[in-house]
Amino acid sequence: MKLLSQRSVLIGLALVALMAATRMHHFGSALHLPDASLAVFLLAGFFITSPLLFAGLLLEAGALDYVAITHLGVSDWCVTPAYWFLIPTYAVLWFAGRYYARVHQYSLRSLGVFAGLSVAALSAAFLISNGAFYWFSGRHPDMGMAEYAARVAQYYPQYLAGGLLYLACAAALYALLAARAPVAASATGK
């Protein structure tokens, strides 16, 4: 088995810490950053090839949710049978990151590909998690398509903006670090 490089370990630890620091508040507020979990899974897929990290991040998300609900007073409203659909939700993001790792180039065009792929992956993740909640949670048994569309219009922009905020920051940090260390960036192919 190939051991992770020091760079991969540091990135993995940073992503774990970012999720731990932000998972408690879904959309954020004046006092709290929005949840970075969506971006964390996409970035983990890009930077680290080990599927063990994906599994570890899933376990971390579940553990953080458990602690938030049982010890920090966070509502358990979203913990229903639909909660299991977070696995394919996060898998979409992970695989989008894996795909982008294969096509990435250090160029403005590649940045456009990253932006488009990020919007597509976040949108697919929203459809999975949001659709699963409304159809399988039991919280909205009589909801029609018109009401569902109204709720999508209410939550989708925040969902997308939160993920894109973190991904834009990560892309800027990556560009800054890659520009400062072109030898290291070319050695890893990223």
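How each quantity is defined
Residues numbered from 1 in each chain as written. Predicted model: local features only at pLDDT ≥ 70, side-chain atom pairs only at ≥ 80, totals over all residues. Heavy atoms only, no water. Axes fitted to C-alpha atoms, helices over the stretch in contact; angles between N-to-C directions. Helix = DSSP H or I, 4+ residues; strand = E, 2+ residues; numbered from the N terminus. Parallel < 35°, antiparallel > 145°, perpendicular 65-115°, else oblique. Left-handed = near helix turned anticlockwise from the far one by under 90°. Contact = heavy atoms within 4.5 Å. Nonpolar A, V, L, I, M, F, W, Y, C, P; charged D, E, K, R; others polar. Salt bridge = Lys/Arg side-chain N within 4 Å of Asp/Glu carboxyl O. Buried < 20%, exposed > 50% of the residue type's maximum accessible area, 1.4 Å probe, protein only. Expected span 1.5 Å × (residues − 1).

Let's talk about the packing of helix α1 (residues 6-22) against helix α3 (residues 51-71)
Here is step 1: As a packed pair, α1 and α3 sit with axes 10 Å apart at the nearest point and diverge in direction by 20°. Put simply, α1 runs roughly parallel to α3. The handedness of the crossing between α1 and α3 is right-handed. For the pair formed by α1 and α3, the contact residues are V16, M19 and A20 on the first element and L57, E60, A61 and L64 on the second.
Here is step 2: Of the residues assigned to the contact of α1 with α3, the class counts are six nonpolar, no polar and one charged.

A word on the pattern of salt bridges
Here is step 1: In total, this model carries three salt bridges according to the counting rule given.
Here is step 2: R23 is paired through a salt bridge with D35; the nearest N and O atoms lie 3.9 Å apart. Of this pair, R23 sits in the loop between α1 and α2 (37-47) while D35 sits in the loop between α1 and α2, placing them 12 residues apart in sequence. Of the two residues, R23 and D35, both sit in the buried class.
Here is step 3: With a closest N to O distance of 2.8 Å, R23 and D65 form a salt bridge. Of the two residues, R23 sits in the loop between α1 and α2 while D65 sits in helix α3, which places them 42 residues apart along the sequence.
Here is step 4: Assessed through its relative accessible area of 8%, R23 is described here as buried.

Points about helix α4 (residues 86-103)
Here is step 1: For α4, built from 18 residues, the straight-helix expectation of 26 Å at 1.5 Å per residue is met to within 8% by its first-to-last C-alpha distance of 26 Å.
Here is step 2: Listed as buried for α4 are L86, T89, Y90, A91, L93, W94, A96, G97, R98, Y100 and A101.
Here is step 3: Buried residues along α4 sit in contact with α2, α3, α5 (108-136) and α6 (145-180).

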